[in-house]
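Read off the chains here:
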Amino acid sequence: MDKKIQKFAFVGLGLIGGSLAKGIKKNYQNTKIIAYDTNENDLKKALTDGVIDEAKETIDESFKGCDFIFLCAPVSVNNDYLKALIPYLEEKTLITDVGSVKGPIVELATTLGIGGSFIGGHPMTGSEKSGFESAKEHLFENAYYILTPTAQTPADKLERYLHLLTRIRALPKVMEASEHDFITGTISHLPHVVAASLVHLVEDTDTKEQLMKEMAAGGFKDITRIASSSPAMWEQICLLNQENILKVMTRYIEELEKIKDLVREADGPALFQFFEEAKTYRSDLIDDKKGALAKHYVIYCDLSDEAGGIASIATALASQRINLKNIGIVHNREFEEGVLRIEFYDHDSRTAAYQVLIEMGYEVYER
C-alpha cells in the first residue's frame, strides 16, 4: 500500500488523460488528482465518478506540489500549457505529454530550462472515440508506452515514470526523441498518409455510377480504415514531424517505383520474391501487443442467405453481453472468407464471440 499521498495533475481529461487518471486511481492507494480541461462536462463527470478530486477552471497555484503533471491537451496547444506551468514546477515534479511527435516538445522543454523536469511520453494506444466518456482504466494494458527523456532528465525521475507505467500495466520503452519520431513516421504516420491517398485515388478515378465505392470491401476497407482518423490531428502531425515523414515518403515512393518496374518487365520470379518477403515479414509481426496503429477486432462468419440469419447471430451474442461495433454482409469476397463481417470493440469480445459462434455450429474465420 502507498503510504505517501502522491499528487497528479492533468491538463486535458479526454480519452488519454481520462484513461490515465482512471488507471492511476485504480492502481495507487493514496492519490490526489486535479484536472484542468476546457470541457466542463468532462470535468463534472470525472468528479462525479470519483476519478479526480478537484476540477480546475484555470492553471494556477493548485498545480504546485505535484509529483506528476500530464499534458493531454491537443498537440497544438500543449506548448502553451507547458510554458504556463513553469512557475508551479518543483524539484520533485515530473511533467510529461502524450503527443505522438516528441522532438519539438522535448526541444522546447530544454530551451525553456526545464529539461530536468520533463520526459516526453507517447502511449501507443487509443480509440476511434474521444472524450472522458470513452476513457478506460485498462486502455494502456499491454500497450507500448514510449518515453523520450531530455539530456537533463535525472535517472530517478525516469525510474519513477517507468514504475508508474508498470503499475498501470503498460509496456514502457525508452528512446531518443529523434529515434521515436523516425519510427512512428514510418510505422504510423506514413500509413495514415498512404491510406488517405488511396481513398483519394479511388474517389478521383471512380466511375460516374460510383461502382468502386459500391464494390470496395474487405482488403480496401482494412487498408484505408485509418483514413477515418481526425483530419485536425493529422494536419498537426504532418507539420510537426515533417522531416521524417518526407524522408519515409521518399523511400516509399522508391519502393513503389521498384515494384512498378517489376510489373512493367513482367518479371515473375522477382514479383514472387517481392510478395513472399513481405508475407514472411508480416507473418512475424507480434500480434499480442498494441502498437502504433489502432487495432480492429473482427471475425468473419459463413452464413446462408435466409431470413433472420443476421438477427439470430446478433441476438446470440447480445445474450452473452458481447457488444458489437459493426456487423454487415461482405459483398465483394474475391480475397475474403466468410459472408458476414462482425467487428468488436476489444480483443476479449472478439474471442468470446468466436467461441459462441463455433459452439453454435457456424464456420468462423479470424484474420
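Scroll up to find the structure.
Residues numbered from 1 in each chain as written. Predicted model: local features only at pLDDT ≥ 70, side-chain atom pairs only at ≥ 80, totals over all residues. Heavy atoms only, no water.

### Some remarks on the overall build of the protein chain
A count of helical and extended segments in the protein chain gives 13 helices and twelve strands. Seen along its three principal axes, the alpha-carbon backbone of the protein chain occupies a region of about 65 × 55 × 40 Å. Looking at the protein chain residue by residue over its 367 residues, the buried ones come to 43%. Counting contacts in the protein chain only where the partners sit at least 6 residues apart, residues at least 24 apart contribute 71% of the total. Each charge sign in the protein chain was given a centre, from 41 positive and 56 negative side chains, and these centres are 6 Å apart. (Helix = DSSP H or I, 4+ residues; strand = E, 2+ residues; numbered from the N terminus. Buried < 20%, exposed > 50% of the residue type's maximum accessible area, 1.4 Å probe, protein only. Contact = heavy atoms within 4.5 Å. Lys, Arg positive; Asp, Glu negative; His and termini not counted. Charge placed at Lys NZ, Arg CZ, Asp CG, Glu CD.)

### Notes on the nonpolar core
If you look at the biggest cluster of nonpolar residues, it comprises 34 residues, and the most contacted ones within it are Phe10, Leu13, Leu20, Phe70, Tyr145, Tyr161 and Leu164. Secondary structure elements with two or more residues in this core: strand E1 (6–11), helix H1 (15–27), strand E2 (31–36), helix H2 (40–48), strand E4 (68–71), strand E7 (144–149) and helix H5 (155–167). Once residues lying within four places of it in the same chain are set aside, the contact partners of leucine 20 are Phe10, Phe70, Cys72, Val98, Phe140, Tyr145 and Ile168. (Core = buried A, V, L, I, M, F, W, Y, C linked by side-chain atoms within 4.5 Å.)

### What to know about the environment of leucine 198
With respect to the helices, strands and loops of the structure, leucine 198 is situated in helix H6 (residues 177–205). By relative accessible area, which is 28% here, leucine 198 ends up partly exposed. Contacts of leucine 198, omitting those with residues within four sequence positions, involve Phe220, Ile223 and Thr224.

### Considerations on the packing of aromatic side chains
Here the structure, examined in full by the defined rule, presents ten aromatic pairs. When the centroid spacing of 5.9 Å and the interplanar angle of 70° are considered together, the rings of phenylalanine 68 and tyrosine 161 count as edge-to-face. Of this pair, phenylalanine 68 sits in strand E4 while tyrosine 161 sits in helix H5, placing them 93 residues apart in sequence. Exposure remark for phenylalanine 68: the relative accessible area of 1% places this residue in the buried category. Among the aromatic side chains, those forming a connected cluster through ring pairs are Phe8, Phe10, Tyr28, Phe68, Phe70, Phe140, Tyr145 and Tyr161. Lysine 22 extends its terminal NZ or CZ atom over the ring of phenylalanine 132, reaching a point 5.0 Å from the ring centre. Directly above the aromatic system of tyrosine 28 lies the positively charged group of arginine 167, at a separation of 4.1 Å from the ring centroid. (Phe/Tyr/Trp six-rings, centres within 6.5 Å; stacked < 30°, edge-to-face > 60°. Lys NZ or Arg CZ within 6 Å of the ring centre and 35° of its normal.)

### Overview of the pairing of E7
Along E7, five of the six residues are buried, which leaves the element largely enclosed by surrounding structure. Inspection of the sheet shows strand E6 (residues 118–123) paired to E7 by five bridges, in the antiparallel sense. The partner of glycine 121 across the bridge, within E7, is leucine 147. Two strands pair when backbone bridges link them, and E7 and strand E8 (residues 171–174) are joined in this way by four bridges, in the parallel orientation. (Pairing = 2+ DSSP bridges.)

### Some remarks on the environment of phenylalanine 272
In this fold, phenylalanine 272 is placed in helix H11 (residues 268–283). Here phenylalanine 272 falls in the exposed class, since its relative accessible area comes to 57%.

### Re a nonpolar patch on the surface
Together, Phe182, Ile183 and Ile187 make up a nonpolar patch on the protein surface, roughly 240 Å² of accessible area in all. Residue phenylalanine 182 is classed as partly exposed on the basis of its relative accessible area, which comes to 38%. (Patch = residues over 30% accessible without salt bridge, like charges linked within 9 Å, V, L, I, M, F, W, Y side chains within 5 Å. Areas by Shrake-Rupley, 256 points an atom, 1.4 Å probe, with all protein chains shown as cover. Salt bridge = Lys/Arg side-chain N within 4 Å of Asp/Glu carboxyl O.)

### What about the packing of H6 against helix H10 (residues 242–264)?
The contact between H6 and H10 brings their axes to 9 Å, and the two run at 65°. Where H6 crosses over H10, the handedness of that crossing is right-handed. Taking contact as the criterion, the partners of Asp181, Phe182, Gly185, Thr186, His189, Leu190, Val193 and Val194 in H6 are, on H10, Asn244, Ile245, Lys247, Val248, Met249 and Tyr252. A per-class count over the contact of H6 with H10 returns eight nonpolar, four polar and two charged. (Axes fitted to C-alpha atoms, helices over the stretch in contact; angles between N-to-C directions. Left-handed = near helix turned anticlockwise from the far one by under 90°. Nonpolar A, V, L, I, M, F, W, Y, C, P; charged D, E, K, R; others polar.)

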